[in-house]
Amino acid sequence: MDLVSTLVAVLGPDGAVLFANAALETALGQSRRMLEGVDFCSFFTDPGIVRNALAAAAERDFSALRFESGLRRVPHDPLPVHVNLSSLEQGGEVLIECWPLEAQARQDREERLREQALANKELIRNLAHEIKNPLGGIRGAAQLLEMELPSRDLEEYTQVIIHEADRLQSLVDRLLAPHRHPQQVGDVNIHEVCERVRSLVLVEFPRGLEIRRDYDISIPEFRGDREQLIQALLNIVQNAAQALAERIAAGDAEITLRTRVARQVTFGRQRYRLALDLHVIDNGPGVPEAIKERIFYPLVTGRDGGSGLGLTLAQTFVQRHHGLIECDSVPGRTDFRILIPLP
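Residues numbered from 1 in each chain as written. Predicted model: local features only at pLDDT ≥ 70, side-chain atom pairs only at ≥ 80, totals over all residues. Heavy atoms only, no water.

## Observations regarding helix α6 (residues 190-204)
Next, step 1: A rise of 1.5 Å per residue sets the reference length of α6, with its 15 residues, at 21 Å; its end C-alpha atoms lie 22 Å apart and thus fit the reference within 8%.
Next, step 2: Here α6 has its buried residues at Ile190, His191, Val193, Cys194, Val197, Arg198 and Val201. For α6, the buried positions fall inside an angular range of 150° around the axis, keeping them on one side.
Next, step 3: On the buried face of α6, the contacting elements are β6 (185-188), β7 (209-214), β8 (222-225), α7 (226-243), β9 (253-267) and β10 (270-282).
Next, step 4: Backbone nitrogen of His191 and a side-chain oxygen of the N-cap are separated by 2.8 Å at the start of α6; the cap is Asn189. (Helix = DSSP H or I, 4+ residues; strand = E, 2+ residues; numbered from the N terminus. Expected span 1.5 Å × (residues − 1). Buried < 20%, exposed > 50% of the residue type's maximum accessible area, 1.4 Å probe, protein only. Arc of directions from axis to C-beta. Contact = heavy atoms within 4.5 Å. Polar contact = N/O pair within 3.5 Å; in protein donor to acceptor, adjacent residues only side chain to side chain.)

## Description of unusual backbone geometry
With the exception of glycine, the majority of residues adopt a negative phi angle, and the majority of peptide bonds are in the trans configuration.
Next, step 1: The backbone of His322 shows a phi angle near 65°, a positive value even though the residue is not glycine.
Next, step 2: In this structure, His322 sits in the loop between α9 (310-319) and β11 (324-330).
Next, step 3: On the accessibility criterion, His322 (59% relative accessible area) is exposed.

## Details of the pairing of strand β5 (residues 94-100)
Next, step 1: Within β5, six of the seven residues are buried, which leaves it mostly tucked inside the rest of the structure.
Next, step 2: Sheet topology places strand β1 (residues 7-11) next to β5; five bridges connect them, and they run antiparallel. Looking at the pairing, Val8 lines up with Glu97 of β5.
Next, step 3: For strand β4 (residues 76-87) and β5, the ladder comprises seven bridges, and the chain directions are antiparallel. (Pairing = 2+ DSSP bridges.)

## Remarks on the sheet that holds strand β3 (residues 64-73)
Next, step 1: In spatial order, the strands read β2-β1-β5-β4-β3; together these five strands make up an open sheet with antiparallel pairing. Both outer strands of the open sheet, β2 (17-20) and β3, are each paired with one neighbouring strand and no more. Along the sheet, successive strands turn relative to each other by an average axial angle of 30°, direction set aside.
Next, step 2: In terms of strand pairing, β3 meets β4 through nine bridges, oriented antiparallel. Its bridge partner lying in β4, Arg66 is registered against Asn84.
Next, step 3: Taken strand by strand, helix α3 (residues 47-58) contacts β1, β3, β4 and β5, and its axis lies near 145° from that of β3. (Axes fitted to C-alpha atoms, helices over the stretch in contact; angles between N-to-C directions.)

## Observations concerning the pairing of β4
Next, step 1: Where β3 folds back on β4, the antiparallel hairpin that results is connected by two residues.
Next, step 2: What sits between β4 and β5 in their antiparallel hairpin is a turn of six residues, with Gly91 showing a positive phi close to 60°.

## Observations regarding the sheet that holds strand β12 (residues 333-341)
Next, step 1: Spatially, five strands are ordered β7-β9-β10-β12-β11 in an open sheet, and the strand pairing comes out mixed. At either margin of the open sheet sits one strand with a lone partner, and together these are β7 and β11. Going from strand to strand, the sheet's axes swing by 20° on average, the running direction of each strand aside.
Next, step 2: Of the strand pairs in this sheet, β9 and β10 are connected by 12 bridges, and their pairing is antiparallel. Bridge pairing in β10 links Thr256 to Ile281.

As C-alpha cells, this is what we get:
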C-alpha cells in the first residue's frame with residue numbers, strides 16, 4: 001500500500017483509522033501513528049456523507065460506493081478527491097481509497113504530453129526525411145544553373161535559391177538532431193548545468209536581466225546526458241529571456257532558477273521516492289492564451305522569428321531522462337517545471 005499513489009485507509013466499523021498508507025500521510029501532513037484511532041470522517045469537508053456510507057457498509061447495503069468530497073489539510077485548502085468506499089470481509093472493516101482530482105487531471109495531461117511527444121517524433125522524422133532529399137536536388141540544380149548563366153547579374157536569383165535551401169536544411173537537421181545521437185550518460189550535477197546556462201544567457205543579455213539562484217545544494221548527482229540537459233534548460237531560459245524583451249528594456253527583467261527535491265511524486269505513470277524539481281520562473285507577459293495548450297508542439301511559437309522548436313526539443317531531451325516538463329503561466333509569472341527521477 002505504501003508503494004501506490006492512491007490515498008488509502010482501512011477503517012473500523014466506527015470509522016476509526018486502523019491503517020493509513022504513505023500517500024495519505026503525505027496528503028494530510030500527519031504520521032500514521034497520529035492517524036491511527038482517529039475518526040476518519042472528521043478529515044472530510046462533509047463528514048456526514050462518509051458516516052452515512054459507513055453505516056450503509058455495516059448493513060451490507062452495497063459492495064462499493066463512490067462519491068466526491070474534500071479532505072481537510074490544515075493549514076492548506078481542502079484537497080478535492082474522488083472516494084471509493086468498499087466493505088472488507090473481516091470484522092466489518094472498510095477500505096477507503098481517495099484519488100486527488102487534481103492528480104487525475106495532471107495524469108491525463110501527462111498522458112496527452114507523452115502521446116503528443118511520440119506522435120511528434122514520428123511526424124518529424126518522416127517529414128524531415130521527405131524534405132531532405134528534394135532540398136539536395138534543388139540546391140544542386142541551382143548551383144549548376146549558376147554555372148551556365150550568361151550574365152553574372154542573374155547570380156542574385158540562384159543565390160537566393162541556394163541560401164533558402166541551406167536554411168531549410170539547417171531546420172531539418174535541428175528537427176532530426178535529438179533522434180540521431182545516442183545519450184552520453186555520466187554523472188550530472190544539476191547546479192553545474194544551471195550555472196552553465198546562466199552564464200550563457202547573461203552573455204547574450206548583459207543588461208536589464210537578472211537571473212536569480214535559489215538552489216537546494218543537497219540535491220545528489222544523477223546519471224544522465226549533461227549536454228542534453230544543458231540544451232533543454234538553455235532552450236527554456238532563452239525563451240524566457242526573449243519573452244522579457246520589454247522588461248529588459250525597462251531594466252527590471254527577472255528569471256529565477258529554483259531547484260528542490262520532490263518526494264513521493266507520481267509522473268509518467270510511475271511513483272518516485274525522490275525527483276529533481278527544477279523551476280524556471282520569469283516575470284514576463286506569460287504564454288499567449290491561444291497557444292498555451294500547444295507550446296510543446298513543433299513549429300508552434302508566440303514570437304516573431306521563432307522557430308517553434310526550442311520547447312519541443314527541451315521536452316524530448318527531458319523525456320529521454322524519464323522526466324517531464326510542465327508549464328504554468330499567467331501574466332506576470334511563467335513557471336516551467338522540470339521533473340526528473342533521482343536515485
